[in-house]
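What the coordinates show
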Amino acid sequence: MFIQVCGAAREVTGSCYVVEVGDTRFLVDCGMHQGGEKEFKQNFDAFAFDPHEVDFVVLTHAHIDHSGLLPRLVKQGFSGSIYATPATCDLVEIMLLDSAYIQEMEAEWQTRKARRAGRREVDPLYNQDDARKTIPKLKPVDYGKSRELAPGVTAFFHDAGHILGSAFLELRLEEKGEKVKVLFSGDLGQPDQPIIRDPEIIEQTDYLVMESTYGDRLHSHNGEPVKELAEILKEAKRSGGNVVIPAFAVGRTQELLYFLREILDQSGLDMHVYVDSPLASRATEIFRRHREVFDDMAWRLVGEPGGIFDFPQLHYTSSAEESKELNEKKGVVIISASGMADAGRIRHHLKHNLWRPESHIVIAGFQARGTLGRRLLEGADSVHLFGEEIAVKAHVHDLTGLSAHADQGQLLAWAGHFAPPRLTILTHGEPESALTLGKLLEERLHFNVMVPEKYDIIELGKK
Ligand SMILES: [Zn+2]
Ligand SMILES: [Zn+2]
């Protein structure tokens, strides 16, 4: 029995593990590398395994850094099932189709460039057809129900409280009479995140594979980010500036809507909110459909007129024309994807707002190295967008306290419920984050920790 770490090793994106038990070989997640050009290039590397020989995939949640290479896996011969919670299955469907469309557009653009330079055309990472072939392989499994996926492999999905449908996985593995329990944390949410439930607590596992995104940081303004967002809105209204928020279409956008509804309700502020992301609009529909995974507060709000995701000042734009019309607006809130501003319509809104001193840019989620969001957070004076230099005169606010990820304290608290596992493997974090968290787990909780490199193999069950 072994685990091979094939991504998200000393970095945040590209989550993917091979697990081998007896004759069974399966993947946990099959995510895309995101960030700058260098990170994205890794997606074209050959898989460390033969996709024909992968029996099935278990998916923790819908985010592209966990699911984004599934169509490529299918394109290269994978023919098994992909197990995930019902909400994840629905979200993955729209996300993979959207991602495939982006890959095609990107390849088309690269091809035009390549032709002009006398080079040959560029193939997309995968196309919409590959994504469509992936969808029927998704097999829903409810939270908390044990499911035997192969002889010697039983899985439970526990709520990870990160985004709708997100799970951490409890795997019970057995080979030649030897039994081990392995827990993959997926991405862990903050307790008290709106809409969804808190991460579940488990007390025992032999092996713990754990994320470390915020392993070296506490969220600033913990507990107060909503108040701060309210202040930003008031200030923007006063000065006639816009509030531009890059947000993941799935999860972050819906949470922001939840908070904005509350702020507008309580302050009586008359401000219009635009969700400018067709994917976010589709994802919101799926949130509406999956109330079964809402927390108590969200359930109560569901009963109110308009539900959670509709309030009088809220508008969803769909066409490119409607999106462009937003360039003329003043004193409005614009939520658009991508969440790290490395692609998508948000880049147009940043181009039109960054240079205006009266504008406010709100960074409300994790920003990977190499992304535009990260550069803004680090205080860049100017950035390049669409071949133009754009001065950064707008106020850039760090509201990562709104993040869907647990911070260092919350990760330690969650891990603290376990009796020390035989081995804890820290992934899904940049080196400083993973190593810092590792040190704290060793010192405070007496855990035995490793921070693997990409492609490291960890034997299971040998005492
Ligand atoms: Zn995630
Ligand atoms: Zn992730």
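Residues numbered from 1 in each chain as written. Chains lettered and ligands numbered in written order. Predicted model: local features only at pLDDT ≥ 70, side-chain atom pairs only at ≥ 80, totals over all residues.

Take the overall build of the protein chain next. For the protein chain, the helix and strand inventory stands at 14 helices and 22 strands. Taken against the 2.2 N^0.38 rule, which gives 23 Å for 463 residues, the C-alpha radius of gyration of the protein chain at 22 Å falls within 12% of a compact globule. Across its three principal directions, the C-alpha atoms of the protein chain cover 70 × 55 × 40 Å. Expressed as a percentage of the 463 residues in the protein chain, the buried residues total 49%. Here the analysis covers contacts within the protein chain between residues at least 6 apart in sequence; of these, 75% occur between residues at least 24 apart. (Helix = DSSP H or I, 4+ residues; strand = E, 2+ residues; numbered from the N terminus. Rg over C-alpha atoms; globule rule 2.2 N^0.38 Å. Buried ≥ 20, exposed ≤ 12 C-beta atoms within 10 Å, placed from the backbone. Contact = placed C-beta atoms within 7 Å.)

Turning next to the domain arrangement of the protein chain. Once the domains are mapped, the protein chain shows domain 1 (2–217 + 404–459) and domain 2 (225–402). Look at where the C-alpha atoms of domain 1 and domain 2 centre, and you get two points 27 Å apart. Residue-level contacts link 27 residues of domain 1 with 26 residues of domain 2. Elements with a minimum of two residues in the side of domain 1 that touches domain 2: α1 (37–41) and α4 (86–116). Top contributing element to the side of domain 1 that touches domain 2 by residue count: α4, with seven residues. (Domains from an automatic or database assignment.)

The end-to-end C-alpha distance of helix α8 (residues 278–289) is 17 Å, a good match for the 16 Å that 12 residues give at a rise of 1.5 Å each. Buried residues along α8 sit in contact with α4, α7 (252–267) and β13 (273–276). (Expected span 1.5 Å × (residues − 1).)

We now examine helix α11 (residues 346–353). Among all positions of α11, only Ile 346, His 349, Leu 350, His 352 and Asn 353 are buried. Down the axis, α11 shows its buried residues gathered within 165 degrees of arc, on one side only. Residues of α11 that are buried in the fold lie against β12 (243–246), β15 (333–336) and β17 (382–385). (Arc of directions from axis to C-beta.)

Attention now moves to the packing of helix α6 (residues 225–239) against α7. Direction vectors running N to C along α6 and α7 enclose 65 degrees, while the axes themselves pass 10 Å from each other. For the element pair α6 and α7, the recorded crossing hand is right-handed. Taken together, the residues of α7 that come into contact with α6 (itself represented by Val 226, Leu 229, Ala 230 and Leu 233) are Phe 259, Ile 263 and Ser 267. (Axes fitted to C-alpha atoms, helices over the stretch in contact; angles between N-to-C directions. Left-handed = near helix turned anticlockwise from the far one by under 90°.)

On to the pairing of strand β11 (residues 207–211). Within β11, five of the five residues are buried, which leaves the element mostly enclosed by the surrounding structure. Here β11 shows two buried faces, one formed by Tyr 207, Val 209 and Glu 211 and the other by Leu 208 and Met 210. Of the strand pairs in this sheet, strand β10 (residues 178–184) and β11 are connected by three bridges, and their pairing is parallel. Within the sheet, the bridge partner assigned to Val 182 lies in β11 and is Tyr 207. (Pairing = 2+ DSSP bridges.)

What follows covers the nonpolar core. Ranked by size, the top nonpolar core spans 131 residues in total, and within it Val 57, Leu 91, Leu 169 and Ile 245 carry the most contacts. The leading source of residues in this core is α4, at eight residues. Three or more residues apiece are contributed to this core by two domains, here domain 1 (2–217 + 404–459) and domain 2 (225–402). For Val 57, the residues in contact, after removing those within four places along its chain, are Phe 26, Leu 27, Cys 30, Leu 70, Gly 80 and Ile 82. (Core = buried A, V, L, I, M, F, W, Y, C linked by C-beta atoms within 7 Å.)

α8 packs onto α4 with a crossing angle of 170 degrees between their chain directions and a minimal axis gap of 10 Å. The pairing of α4 with α8 is recorded here as roughly antiparallel in orientation. Contacts between α4 and α8 involve Ala 87, Asp 90, Leu 91, Ile 94 and Asp 98 on the former and, on the latter, Leu 279, Arg 282, Ala 283, Ile 286 and Arg 289. Tallied by class, residues from the contact of α4 with α8 come to six nonpolar, no polar and four charged. (Parallel < 35°, antiparallel > 145°, perpendicular 65-115°, else oblique. Nonpolar A, V, L, I, M, F, W, Y, C, P; charged D, E, K, R; others polar.)

This brings us to the sheet that holds strand β1 (residues 2–5). Across the sheet, seven strands lie side by side as β6-β5-β4-β3-β2-β1-β22; this open sheet has mixed pairing. Both outer strands of the open sheet, β6 (138–140) and β22 (457–459), are each paired with one neighbouring strand and no more. Between one strand axis and the next, the sheet turns through 25 degrees on average, direction left out of account. Two strands pair when backbone bridges link them, and β1 and β22 are joined in this way by three bridges, in the antiparallel orientation. By the bridge assignment, Ile 3 is partnered in β22 with Ile 458.

Attention shifts here to the environment of Gly 144. You can see Gly 144 is positioned in the loop between β6 and β7 (147–150). A residue is classified by how many C-beta atoms lie within 10 Å of it, and Gly 144, with 12 of them, is exposed. It is 19 Å that separates the C-alpha atoms of Gly 144 and Tyr 207, two residues lying 63 residues apart in sequence.

Bringing the sheet that holds strand β8 (residues 153–159) into the picture now. Sheet strands line up and pair through hydrogen bonds in the backbone, either parallel or antiparallel. Taken in spatial order, the seven strands line up as β7-β8-β9-β10-β11-β20-β21 in an open sheet, and their pairing is mixed. With partners counted over all chains shown, the strands left at the sheet margins are β7 and β21 (449–450), one partner each. Examined bridge by bridge, strand β20 (residues 423–427) and β21 share two bridges and lie parallel to one another. Residue pairing across strands places Ile 425 opposite Met 450, the latter belonging to β21. In the packing of helix α14 (residues 431–445) onto the sheet, contacts are made with β20 and β21, and the angle to β20 comes to roughly 160 degrees.

The step from Ala 337 to Ser 338 runs through a cis peptide bond, and the omega angle for that step is 5 degrees. Along the chain, the position of Ser 338 falls in the loop between β15 and α11. At Arg 10, a position not held by glycine, the phi torsion is positive, near 60 degrees. Examined against the element boundaries, Arg 10 turns out to sit in the loop between β1 and β2 (16–21). A tally of 20 C-beta atoms within 10 Å means that Arg 10 is categorised as buried. Even without a glycine there, the phi angle at Phe 386 is positive, about 50 degrees. If you trace the backbone, Phe 386 turns up in the loop between β17 and β18 (388–391).

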